Amino acid sequence: LLAKRKVVHGIAMLPLRDAFQAFGGQVRYDAKRDIATVEMPGQTVTIRPGAQRVMVNGQPVLMSTPSKVIDGTLHV
């Protein structure tokens, strides 16, 4: 997983799918709505590419840096 990280302006970013699947999460991407949804036991996380705010169980959470699409993959 760390081998796939990208450093953007001094911030290490991980591929969303790889990071959450490593912890047992299921990731779906809805291209029509341009939103990724992560399902984990007891938690649902939704995020839009380029967004700094994610929704965790319907509650907004601010990340330290916005998500970013790098080489066609969403990183957080």
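Residues numbered from 1 in each chain as written. Predicted model: local features only at pLDDT ≥ 70, side-chain atom pairs only at ≥ 80, totals over all residues. Heavy atoms only, no water.

Q: Looking at this model, I keep getting lost on the sheet that holds strand β5 (residues 43–47). Mind explaining?
A: The strands making up a sheet are joined through hydrogen bonds of the backbone, oriented either antiparallel or parallel. The sheet built from 5 strands is open, its strands ordered β3-β4-β5-β6-β7 with antiparallel pairing. In the strand order of this sheet, the two ends are held by β3 (26–30) and β7 (59–62), each with one partner. Sheet twist, expressed as the average angle between the axes of neighbouring strands with direction ignored, equals 25°. Bridge count for β3 against strand β4 (residues 35–40) is 5 bridges, and the pairing is antiparallel. Bridge pairing in β4 links Val27 to Val38. (Pairing = 2+ DSSP bridges. Helix = DSSP H or I, 4+ residues; strand = E, 2+ residues; numbered from the N terminus. Axes fitted to C-alpha atoms, helices over the stretch in contact; angles between N-to-C directions.)

Q: Would you mind going over the pattern of salt bridges with me for this structure?
A: Pairs can form between side chains of opposite charge once their charged atoms are near each other. For the structure shown, the criterion picks out 3 salt bridges. Ionic pairing is found between Asp18 and Lys4, a salt bridge with its closest N-O pair at 3.1 Å. Separated by 14 residues along the polypeptide, Asp18 in helix α1 (residues 16–21) and Lys4 in the segment before β1 (6–8) bring together distant segments of the chain. When the shortest N-O distance is used, the salt bridge between Asp30 and Arg33 registers 3.8 Å. (Salt bridge = Lys/Arg side-chain N within 4 Å of Asp/Glu carboxyl O.)

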